[in-house]
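Summary of the model geometry
Each chain, letter by letter, is given below.
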Amino acid sequence: HRIRTFDDIRFRGNDQSDFKLSIWNKGRCLLCRSAYIQPYFAGFLLSVNLRESCYHCPFARPERISDITLGDYIVKNPYAPFVNKDGNISCMSANTDKGLALVNEFLKSSDTIEAYERDYCERLEYAPALREPARRNELSSKYAELIKKFPPAMAIRLTLFPVLLSRKISLLKVRIKEI
């Protein structure tokens, strides 16, 4: 087996597409797969293999207790003037006066960061964890039972087998139509 090295792992496509797992080395993509066909990633995104506390998280709400919240910024319009050429946008929200002072200090000290003020409600539209705790997936009880008998990787594969198979078939149909 040849050992491959990598210097970057991404969980989103740079083309404003859905979630993807991609592994990069020196600007070259070595692997790129839809998150929804990767068992662990799909389980996370579908709220199947989360900790019990995620379904009751008291911090998943618009009122934040931290000084600063960092996260992804999903944009409706990828051609908006504040979106860079790769479509990569992060969000930094100042939740307190102390947080605002830290954000301003950070922005003054950096000549490579571009910052644009946006309405917080825009962020809430695409960030469900900022509004409410994760909603329990109906398959999470099956996963909870299987995790008692199998290692996590096997438990999530067994739990999501029908879902993953269906998605792989859908992707295959799309590829066949393209050909």
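Look above for the structure.
This text gives an overview of the structure that appears in the document. This is a predicted model, so every value here is computed, not measured.

Moving on, we get to a nonpolar patch on the surface. Nonpolar side chains collect at one region of the surface, where Leu70, Met92, Phe106 and Ile113 lie side by side and expose about 380 Å² of accessible area between them. Structurally, Leu70 is set in strand 4 (residues 68-72). Looking at Leu70, the relative accessible area reads 64%, which means it is exposed.

A few words on the nonpolar core. If you look at soluble globular proteins, the nonpolar side chains tend to sit buried side by side. Of all hydrophobic cores here, the largest spans eight residues; its members are Ala42, Val48, Tyr143, Leu146, Ala155, Ile156, Leu160 and Leu164. Secondary-structure elements contributing two or more residues to this core are helix 4 (140-146) and helix 5 (152-178). With four residues, helix 5 is the single largest residue contributor to this core.

Now for the side chain of Ser22. One can find Ser22 in strand 2 (residues 19-25). For Ser22, a relative accessible area of 4% translates into the label buried. Among the polar contacts made by the side chain of Ser22, one reaches the side chain of Trp24 at a distance of 2.8 Å. If we skip the residues at most four places from it in the chain, Ser22 touches Asp8, Ile9, Arg10, Cys29, Leu31 and Cys32.

Taking the largest bend as the criterion, helix 5 deviates by roughly 65°, centred on Leu160, and proline Pro162 comes between one and four positions later. Looking at helix 5, one finds that the buried residues are Ala155, Ile156, Thr159, Leu160 and Leu164. Against helix 1 (39-45) and helix 4 lie the buried residues of helix 5.

It is worth spelling out the pairing of strand 5 (residues 90-94) at this point. Burial along strand 5 is one-sided: Cys91 and Ser93 are buried, while Ser90, Met92 and Ala94, pointing the other way, are not. The sheet contact formed by strand 4 and strand 5 spans five bridges and is antiparallel. Of the residues in strand 5, the one forming a bridge with Thr69 is Ser93.

Let us now look at the packing of aromatic side chains. Using the criterion set out here, one finds zero aromatic pairs in the structure. The cationic tip of Arg136 hangs over the ring face of Tyr55; the distance from NZ or CZ to the ring centre is 4.2 Å.

This paragraph deals with the side chain of Gln38. Along the chain, the position of Gln38 falls in the loop between strand 3 (28-34) and helix 1. Given a relative accessible area of 17%, Gln38 falls into the buried group. When sequence neighbours within four positions are dropped, the list of residues in contact with Gln38 reads Leu21, Arg33 and Leu164.

Bringing the sheet that holds strand 1 (residues 8-12) into the picture now. Across the sheet, three strands lie side by side as 1-2-3; this open sheet has antiparallel pairing. The sheet is open, and its two borders are formed by strand 1 and strand 3, each paired with just one other strand. Strand after strand, the sheet turns through a mean of 15° between neighbouring axes, direction not considered. Note: strand 1 against strand 2, four bridges, orientation antiparallel. Its bridge partner being in strand 2, Ile9 is matched across the sheet by Ile23.

Rules behind the numbers
Residues numbered from 1 in each chain as written. Predicted model: local features only at pLDDT ≥ 70, side-chain atom pairs only at ≥ 80, totals over all residues. Heavy atoms only, no water. Patch = residues over 30% accessible without salt bridge, like charges linked within 9 Å, V, L, I, M, F, W, Y side chains within 5 Å. Areas by Shrake-Rupley, 256 points an atom, 1.4 Å probe, with all protein chains shown as cover. Salt bridge = Lys/Arg side-chain N within 4 Å of Asp/Glu carboxyl O. Helix = DSSP H or I, 4+ residues; strand = E, 2+ residues; numbered from the N terminus. Buried < 20%, exposed > 50% of the residue type's maximum accessible area, 1.4 Å probe, protein only. Core = buried A, V, L, I, M, F, W, Y, C linked by side-chain atoms within 4.5 Å. Polar contact = N/O pair within 3.5 Å; in protein donor to acceptor, adjacent residues only side chain to side chain. Contact = heavy atoms within 4.5 Å. Bend = angle between axes of the 7 residues up to and from the residue. Pairing = 2+ DSSP bridges. Phe/Tyr/Trp six-rings, centres within 6.5 Å; stacked < 30°, edge-to-face > 60°. Lys NZ or Arg CZ within 6 Å of the ring centre and 35° of its normal. Axes fitted to C-alpha atoms, helices over the stretch in contact; angles between N-to-C directions.

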